Amino acid sequence: MTTWDSENSNMENNSISAEKEYIVEPWTDTPSSCADNLISPEPLCFQKSINYIKKRQSKIHEVKVDSGANYLEVDLNWGDKNDKLRLITYTPSGSKLETNRDNADGRINGRIHVNILPSKGDMQQGTWQFKIYGEDVSGKEGYSFNVYQH
């Protein structure tokens, strides 16, 4: 994980052509659990972490995606609906997907829970980056961040 002190980065200037290659949609089912791996190989938990973020601070979480991934389930949960976090996703080639905010699922609940699906073919293999930005945070906000492969 890398911590950035500014919202701006070189990655912001990269192509946004990935928007046509991937569909980002709200999660509408019950969340997956890394514990599922004890029973079956799907879903695979790529990253499970608990962290803290302050206002105008950015943190990058990197997740390696191997072959066989049909889609990714991304779950950022901070629980305090008064604080505002943003989630920006970058493909391994550096393309930026859409920016997600708390209302990605139509609700303000201190959580961003989305699926990232390829519009055709397989998920791009390599290291995906997930930038979490503390847009409006009172003090220091704790959050959990999980990425699952399906």
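Here goes a summary of the coordinates provided. (Residues numbered from 1 in each chain as written. Predicted model: local features only at pLDDT ≥ 70, side-chain atom pairs only at ≥ 80, totals over all residues. Heavy atoms only, no water.)

1. Considerations on the overall build of the protein
Reasoning step 1: Within the protein, the regular secondary structure consists of 1 helix and 10 strands.
Reasoning step 2: Shown N-terminal to C-terminal, the secondary structure of the protein runs as helices and strands in the order β-α-β-β-β-β-β-β-β-β-β.
Reasoning step 3: Here the protein, with 150 residues, has 45% of them falling under the buried criterion.
Reasoning step 4: Put simply, 82% of the contacts in the protein that link residues at least 6 apart link residues at least 24 apart.
Reasoning step 5: Within the structure as shown, the protein displays about 7,800 Å² of accessible surface, and the carbon and sulfur contribution to it stands at 44%. (Helix = DSSP H or I, 4+ residues; strand = E, 2+ residues; numbered from the N terminus. Buried < 20%, exposed > 50% of the residue type's maximum accessible area, 1.4 Å probe, protein only. Contact = heavy atoms within 4.5 Å. Areas by Shrake-Rupley, 256 points an atom, 1.4 Å probe, with all protein chains shown as cover.)

2. Here we look at the pattern of salt bridges
Reasoning step 1: According to the stated counting rule, one finds 5 salt bridges in the structure shown.
Reasoning step 2: Residues Lys55 and Asp136 are paired through a salt bridge, measuring 3.8 Å at the closest nitrogen-oxygen approach. Of this pair, Lys55 sits in the loop between strand 3 (44–54) and strand 4 (58–65) while Asp136 sits in strand 9 (residues 126–136), placing them 81 residues apart in sequence.
Reasoning step 3: Given a relative accessible area of 41%, Lys55 falls into the partly exposed group.
Reasoning step 4: With its nearest N and O atoms 2.6 Å apart, the salt bridge here joins Asp75 to Arg111. One end of the pair, Asp75, is in strand 5 (residues 72–77); the other, Arg111, is in strand 8 (residues 111–118), and 36 residues separate them in sequence.
Reasoning step 5: In this structure, a network of salt bridges that share partners links the residues Arg86, Arg101 and Glu135. (Salt bridge = Lys/Arg side-chain N within 4 Å of Asp/Glu carboxyl O.)

3. Brief notes about the environment of Val24
Reasoning step 1: Relative to the assigned elements, Val24 resides in strand 2 (residues 22–26).
Reasoning step 2: When its relative accessible area of 16% is taken as the criterion, Val24 is described as buried.
Reasoning step 3: Val24 sits 49 residues away from Glu73 along the chain, and the two C-alpha atoms are 9.7 Å apart.

4. Here we look at the packing of aromatic side chains
Reasoning step 1: All chains considered together, the criterion is met by 2 aromatic pairs.
Reasoning step 2: Ring geometry for Tyr22 versus Trp128: centroids 5.3 Å apart, planes at 85°, classification edge-to-face. Here Trp128 lies in strand 9 and Tyr22 lies in strand 2, a separation of 106 residues in the sequence. Comparing Tyr22 with Trp128 shows no difference in burial state: the two are buried.
Reasoning step 3: Geometry around Tyr52 places Lys140 over its ring, the cationic atom sitting 5.2 Å from the centre. (Phe/Tyr/Trp six-rings, centres within 6.5 Å; stacked < 30°, edge-to-face > 60°. Lys NZ or Arg CZ within 6 Å of the ring centre and 35° of its normal.)

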